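Summary of the model geometry
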Amino acid sequence: VVEAAGEAMGALGTDATHPGGWCSWYYYFTKVTEADILTNLGVLAADGPNGPEFGCEYVMVDDGHQTAIGDWLSTNHKFPSGMASVARRITDAGFDAGIWWAPFIVSSKSVIASKPPERLVRDDRGRPILGLMNPGWGLTTPMRVLDTTHPEALDHIREVARVIGTDWGYRIQKIDFLFAAAHPGVRHDRTATRAQALRRGLQAVRDGSGPDGFILGCGSPLGPAVGLVDAMRIGADVTPSWST
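Overview of the structure. (Residues numbered from 1 in each chain as written. Predicted model: local features only at pLDDT ≥ 70, side-chain atom pairs only at ≥ 80, totals over all residues. Heavy atoms only, no water.)

1. As for the sheet that holds strand 7 (residues 214-218)
Pairing is parallel across the open sheet formed by 6 strands, whose spatial order is 1-2-3-6-7-8. Looking at the sheet topology across the chains shown, the edges are occupied by strand 1 (21-23) and strand 8 (231-233). Across this sheet, the average inter-strand angle for adjacent strands is 20°, counted without regard to direction. Note that strand 6 (residues 172-175) and strand 7 share 4 bridges and pair parallel. Each bridged residue has a counterpart across the sheet, and for Gln173 the counterpart in strand 7 is Ile215. Against the sheet, helix 3 (residues 34-47) engages strand 1 and strand 2 (58-61), with an angle of about 170° to strand 2. (Pairing = 2+ DSSP bridges. Helix = DSSP H or I, 4+ residues; strand = E, 2+ residues; numbered from the N terminus. Axes fitted to C-alpha atoms, helices over the stretch in contact; angles between N-to-C directions. Contact = heavy atoms within 4.5 Å.)

2. Comments concerning the packing of helix 5 (residues 151-168) against helix 6 (residues 194-209)
The N-to-C vectors of helix 5 and helix 6 enclose an angle of 35°; their axes lie 7 Å apart at closest approach. Remark: the crossing between helix 5 and helix 6 carries right-handed chirality. Along the contact surface, helix 5 presents Leu154, Ile157, Arg158, Ala161 and Arg162, while helix 6 presents Arg200, Gly201, Ala204, Val205, Asp207, Gly208 and Ser209. Per-class residue counts for the contact of helix 5 with helix 6 are 5 nonpolar, 3 polar and 4 charged. (Left-handed = near helix turned anticlockwise from the far one by under 90°. Nonpolar A, V, L, I, M, F, W, Y, C, P; charged D, E, K, R; others polar.)

3. Side note on the packing of aromatic side chains
The tally for this structure, following the rule as stated, stands at 9 aromatic pairs. Geometrically, the ring pair formed by Trp72 and Trp100 is edge-to-face, given 5.4 Å between the ring centres and 75° between the ring planes. Separated by 28 residues along the polypeptide, Trp72 in the loop between strand 2 and helix 4 (83-92) and Trp100 in strand 3 (residues 96-101) bring together distant segments of the chain. Note on Trp72: relative accessible area 2%, which makes it buried. Where Phe177 meets Phe179, the ring centres are 6.2 Å apart and the plane angle is 70°; that geometry is what we call edge-to-face. Taken together, the ring pairs in this structure connect Trp72, Trp100, Trp101, Trp137, Phe177 and Phe179 into an aromatic cluster. (Phe/Tyr/Trp six-rings, centres within 6.5 Å; stacked < 30°, edge-to-face > 60°. Buried < 20%, exposed > 50% of the residue type's maximum accessible area, 1.4 Å probe, protein only.)

4. Comments concerning the nonpolar core
Formed by 58 residues in total, the largest nonpolar core has its most connected members in Val61, Ile90, Trp101, Ile105 and Tyr170. If you tally residues by element for this core, the top one is helix 5, at 7 residues. Ignoring anything within four residues of it in the chain, the contact list for Val61 reads Ser24, Ile37, Phe79, Met83, Val86, Ile90, Gly98, Ile99, Trp100 and Tyr170. In terms of nonpolar packing, the next biggest core, distinct from the first, is built from 9 residues, Met60, Ile172, Leu216 and Cys218 among them. (Core = buried A, V, L, I, M, F, W, Y, C linked by side-chain atoms within 4.5 Å.)

5. Brief notes about the pattern of salt bridges
Oppositely charged side chains are able to pair whenever their charged atoms sit close together. In total, this model carries 9 salt bridges according to the counting rule given. Salt-bridge contacts for Asp96 lead to Arg171; the nearest nitrogen and oxygen are separated by 3.2 Å. Pair noted here: Asp96 is in strand 3 and Arg171 is in the loop between helix 5 and strand 6, with a separation of 75 residues, a long-range link. Between Arg162 and Glu159 there is a salt bridge, with its nearest N and O atoms 2.9 Å apart. Here Arg162 and its partner Glu159 are both found in helix 5, 3 residues apart, which amounts to about one turn of the helix. Under the relative-accessibility criterion, Glu159 is labelled partly exposed at 36%. (Salt bridge = Lys/Arg side-chain N within 4 Å of Asp/Glu carboxyl O.)

Without other data, these values stay purely geometric and don't point to any function.
Right, here's the structure in full:
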């Protein structure tokens, strides 16, 4: 049944070798800087792509490069050279460049959240729904959800994916918190199911990243993502942590 469903939906990556790489998240978390990336890139470059010690094919810049959740094309002061420059340094060293973003959520404090409110999923009283709360982004800062059935929201998502992949040069796009696009709420297209809303958003990312882009999905219902992402993190984050 699974094989039949995958074939019918055009599942991607089934014949490909799982890529290996380095990701900034599991040591630097949101405090990552451009200098951190380049320092680690130097170590990886000495080993070489698919080298004997690390075996890395890509170098991933995770959460911490953006000015706000949702303002993905605006880079903060920790990356003074800009994200396109960082991608060039990674690719010049022989690795695929990867970057993290969350296409369907926006911070209530972001610039994108101040755009026309109809771009956001709303409740029955017309208020933006809560997508999630993340202590790493502020205990009092709610995340809103882009309406992935609204043409303007889809255009925005598609353009961000295009800039990241084509203009900046990140072949690998790690997209996170995808479940938010399937939250219950009132949408522009009231006939769309929650699964359809999620899939339309993922299609926009795929269209923007292009056929050669590699999309890694995270935090996503599995079914609607088949055929649109190349790989999926199907479990929770694997951060090692201890508390007393």
